[in-house]
Amino acid sequence: MLRVMKNAYIIDQLPENNLIELPTKVGAFLWFFMRQIKGRLLALSLLGVAGGALGSLSAYFFGQIVEVFVSTTDKSQLWDHLVTPFAFYTVLILIASPALYNTQGWLSSHTLPYYASMVRRQLALYLHQHSYRYFQDDFAGRLAGKVLEMPYAMRQIVNDITGPFIYAGTTFVVTLAVFSWIGLYFAAFTALYIFCYTLNLRYFIPRIRGLAEIASRRRSVMRGRYVDIITNIFLVKIFARRAHEDAYFRESLHETSGAVTKQELTITAMFRVQHVMNSTFMFTLVLAAVHAWNQDSLTTAQISMVLPMALNMISATFWLTEIYTGFFERLGEVQEGMEAVVQTHDVLDKPDAGHLVVKTPSLAFENVAFSYPSRPMFSDFTLKIEPRQRIGLVGPSGAGKSTMMQLILRLHDVQGGKITIDGQNIADMTQESVRSSIAVIPQSADMLHRTVRENIAYGKPGATEDEIINAAKRAQAHDFIKDLRDAKGNQGYDAAVGERGVKLSGGQRQRIAIARAILKDAPILILDEATASLDSESEKLIQAALEDVMKDRTVIVIAHRLSTIAHLDRLIVLEGGKIVEDGTHKELLERNGLYARLWGLQSGGFLADAHKHIED
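Going by the annotation in an unreviewed UniProt entry, the name recorded for the chain is Multidrug ABC transporter ATP-binding protein, with Micavibrio aeruginosavorus given as the source organism. A UniProt comment under Subcellular location (unreviewed entry) is attached to the chain, and it reads "Cell membrane".

### As for the UniProt feature "transmembrane region" (unreviewed entry) in the chain
Here, the residues flagged by UniProt with the feature "transmembrane region" (unreviewed entry) are residues 41–62, 82–101, 157–179, 185–205, 275–293 and 305–327. Along residues 157–179 the backbone is 100% helical and 0% strand, and the end-to-end C-alpha distance reaches 31 Å.

### Focus: helix 11 (residues 242–294)
Look at helix 11: 76 Å from first C-alpha to last across 53 residues, which is about the 78 Å you get at 1.5 Å a residue. Positive backbone phi, at 60 degrees, marks aspartate 296, one or two positions downstream of helix 11.

### Remarks on the layout of surface pockets
One number sums up the size of the second largest pocket: a volume of about 590 Å³. Lining the second largest pocket are 14 residues, with Ile230, Thr231, Asn232, Glu499 and Arg500 positioned closest to its centre. Elements that contribute at least two residues to the lining of the second largest pocket include exactly helix 8 (140–182), helix 9 (184–231) and helix 10 (233–238). It is helix 9 that provides the largest number of residues to the lining of the second largest pocket, a total of 4 residues. Taken together, the residues of the lining of the second largest pocket sort by class into 7 nonpolar, 3 polar and 4 charged. Two domains share the lining of the second largest pocket, each providing at least three of its residues, namely domain 1 (24–341) and domain 2 (363–603).

### Looking at the domain arrangement of the chain
Examined at the domain level, the chain breaks down into domain 1 (24–341) and domain 2 (363–603). For domain 1 and domain 2, the distance between their C-alpha centres works out to 54 Å.

### Some thoughts on the sheet that holds strand 5 (residues 424–425)
Spatial ordering of the open sheet is given by 2-1-4-5, a layout of 4 strands whose pairing is antiparallel. Each of the sheet's edge strands pairs with one partner strand only, and the pair in question is strand 2 (376–385) and strand 5. Here strand 4 (residues 416–421) pairs with strand 5 via 2 bridges, running antiparallel. Across the sheet, isoleucine 421 pairs through a bridge with glutamine 424, a residue of strand 5. Strands strand 1 (363–371), strand 2 and strand 4 of the sheet are contacted by helix 13 (residues 401–408), whose axis makes an angle of about 110 degrees with strand 1.

### Digging into the sheet that holds strand 7 (residues 524–528)
The strands making up a sheet associate through backbone hydrogen bonding, with each pair oriented either parallel or antiparallel. Here we have 6 strands laid out as an open sheet, ordered 6-7-8-3-9-10, and mixed in their pairing. A strand with exactly one partner marks an edge of an open sheet, and here the two such strands are strand 6 (438–442) and strand 10 (578–583). Strand-to-strand twist of the sheet, defined as the mean angle between neighbouring strand axes without regard to direction, takes the value 20 degrees. In this structure, strand 3 (residues 390–394) lies alongside strand 8 (residues 554–558), joined through 4 bridges in parallel fashion. Each residue of the ladder has a partner; that of leucine 393, found in strand 8, is isoleucine 558. Where helix 21 (residues 594–601) meets the sheet, its contacts fall on strand 3, strand 9 (570–575) and strand 10, and the angle it forms with strand 9 comes to roughly 95 degrees.

Rules behind the numbers
- Residues numbered from 1 in each chain as written.
- Predicted model: local features only at pLDDT ≥ 70, side-chain atom pairs only at ≥ 80, totals over all residues.
- Heavy atoms only, no water.
- UniProt positions renumbered as here; feature names shortened; annotations may be inferred.
- Helix = DSSP H or I, 4+ residues; strand = E, 2+ residues; numbered from the N terminus.
- Expected span 1.5 Å × (residues − 1).
- 1 Å grid on protein atoms, 1.4 Å probe; cavity = no way out; pocket = protein on both sides within 12 Å on 5 of 7 lines; lining within 4 Å.
- Points joined across faces, edges and corners; volume = space filled by probe spheres on them.
- Nonpolar A, V, L, I, M, F, W, Y, C, P; charged D, E, K, R; others polar.
- Domains from an automatic or database assignment.
- Pairing = 2+ DSSP bridges.
- Contact = heavy atoms within 4.5 Å.
- Axes fitted to C-alpha atoms, helices over the stretch in contact; angles between N-to-C directions.

Next up, the structure:
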């Protein structure tokens, strides 16, 4: 029980299914997260019921006090008659009711912020399990927005349920009960009012919900467009496209404003109907009270109960209606967020998946089949790479080089055949253990918006300072790192590299990526165009660093520039997802096949142009 009441536990806990799947229906999706705080949810609800009941009974207890004043003729006996109702009013209304309200507020403040953070963490973990293809098909800013913003809407939904919904529901029940005691016709008027109020909601709320979903999608498109503009601001500036992007963004602004206007006009119409119902109800209730008082069936004290209780109930319905409009707008946000985030995972670990342990880093493709939704890639593809062999992959764009890398990393799963590392089928191993056995140095040399130290240590969490510096020295990076300084005055390894390493040159980013791979010390190394976009000086430094990092490892090098891979143990020439040549640089030149023709045609080692010349 003590552990459940610790706020940090709310964030740190994970559901039993380990987020393998999430419900696809909105109600089930909301309950999946709410049930993880069901103890606190129940406590908030009970506090809401108790507080709502006492708040509704305030007029009743006040009426009991009025009754004493009206019925007491001897003023000397006033306090004798007044002490009991006044004590009830003081204890229940003036003390208990505020205490319940504040207790609920205290518990809510200690629960809902952590609940929202819990949902964010679990959505982020669920998102991490999506395949690489999933992230290629969507805006990064849009996905981040859903993970960060949708939990706030879900927090507000919980707040609405445990606050206004319970308060209003309790108010309706208590008011009906008291009016039934005072006079059945008052209860009948109240029941009729609640029935009409419910009809009004049933008519307008589905329409408002639909319009809220449309408005939410429009806002999402608007946000995505603006994130796209900001992300590519360099391109916008160099092409002087400010006016063009303004028109592009303004189009979504018009669409969003139109959708929101339709939603708000519908809300206004709903409130207009409710105003008419409220006025009719109070007018009828006053006439009924006057009639009952004239007939001596209603006392002055009861009138002082009926009218305030009716006004309190009307206030509750107004509050509830306002909350309802926001509630369904938030439901629309959740629905729209679910459409983006809650999709079936393409790549999943098996329930009994093992942990890949590599002793001899051999690698094999055995009759592999794989297709993208738009095109086939591999069919009955077979390739065996010996332990600590260094191979180069050559081929035009679309030949299958990058797909091979992604399949080895289990960023996609094969659709036929198998891929083995050290004789172990990687589909039977956990994704994390497979990727932990492989170091990758990509062409983009991706950097996190953190310090140099954190970027290098990403290859080995918990690495010591000496290990980080040693890796940087081996990567020819230590000398330039010492001279780095960021806008906050941090120097050297403490300097921030900026978003995606924007504060570093291409060669500097690449050397930090190499240092990261050195620190990881994985038995298999993949280089994906690691020097393709560098100047000659940077390439020379990096080639020296790469020679060091490739020692005693199984290495796969993807390159368009043939001069960078000619020295490797073996070259594989791919075309259309098939191996068309296999051998050393010397052997392939002697065969006078595709590789030899590409080598002869290359100027600066760039393969794409050469291949185009061959096709022409």
